[in-house]
Amino acid sequence: MKLWHLNQETSKMSNEIDEYIKRLVNHKGVVGVLVINADGVPIKSTIDNTVSLQYAGEMQLIIDKARAMIKEMDNTNDLSFIRLRTKKHEVLVAPDKDYAMIVIQSQSDS
């Protein structure tokens, strides 16, 4: 019975995450959203599989490198957010211990 309860809670959390992703995708300029695990594997994505794998792999490298740099500078500190701007896109990354959420936005002409 406990296992069923755990699965029900996991399902509820997954539904909440799906709803959150849907809201993000509806924001003006958002091209895609993906969630990756600590190994850089996409577990949820609103973009093409090939592009998801490419962003996931490359962003995991950036997350790992940034986290290591911050720890080296101050062992009591940790990475909480990355914002990367290119000519075409802005990539927002919210890394956590086990997962990271990546939002890709089109670059607006300000």
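Only a predicted model underlies this, so the values are computations on that prediction, with no experimental measurement involved.

Caption draft 1: How the structure looks around the overall build of the protein chain. Within the protein chain, the regular secondary structure consists of 2 helices and 5 strands. N-terminal to C-terminal, the α/β element order of the protein chain is α-β-β-α-β-β-β. Residues counted as buried form 28% of the 110 residues belonging to the protein chain. Residue pairs at least 24 apart in sequence account for 38% of intrachain contacts in the protein chain once pairs closer than 6 positions are excluded. Total accessible area on the protein chain is roughly 8,200 Å²; 55% of this is exposed by carbon and sulfur atoms.

Caption draft 2: Up close: the nonpolar core. Counting residues in each nonpolar core, the largest one holds 15 residues, and the members touching the most others are Leu34, Ile36, Ile63, Leu79, Ile82, Val93 and Ile102. Mapped onto this core, the elements with two or more residues apiece are strand S1 (30-37), helix H2 (49-73), strand S4 (89-95) and strand S5 (99-106). Among the elements that make up this core, the one with the highest residue count is H2 (5 residues). When residues no more than four places from it in sequence are discounted, the contact partners of Ile63 are Ile36, Leu79, Ile82, Val93, Pro95 and Ala100. Core analysis: the second largest hydrophobic core is formed by 8 residues, Ile21, Leu24, Val30 and Val33 among them.

Caption draft 3: Region of the structure containing the sheet that holds S4. Within the open sheet, the 5 strands sit side by side as S2-S1-S5-S4-S3. Their pairing is antiparallel. Each having just a single partner strand, strand S2 (42-45) and strand S3 (82-85) make up the two edges of the open sheet. Going across the sheet, the axis of each strand differs from the next one's by a mean of 15°, ignoring polarity. Here S4 runs beside S5; their pairing, made up of 7 bridges, is antiparallel. By the bridge assignment, Glu90 is partnered in S5 with Gln105.

What counts and what doesn't
- Residues numbered from 1 in each chain as written.
- Predicted model: local features only at pLDDT ≥ 70, side-chain atom pairs only at ≥ 80, totals over all residues.
- Heavy atoms only, no water.
- Helix = DSSP H or I, 4+ residues; strand = E, 2+ residues; numbered from the N terminus.
- Buried < 20%, exposed > 50% of the residue type's maximum accessible area, 1.4 Å probe, protein only.
- Contact = heavy atoms within 4.5 Å.
- Areas by Shrake-Rupley, 256 points an atom, 1.4 Å probe, with all protein chains shown as cover.
- Core = buried A, V, L, I, M, F, W, Y, C linked by side-chain atoms within 4.5 Å.
- Pairing = 2+ DSSP bridges.
- Axes fitted to C-alpha atoms, helices over the stretch in contact; angles between N-to-C directions.

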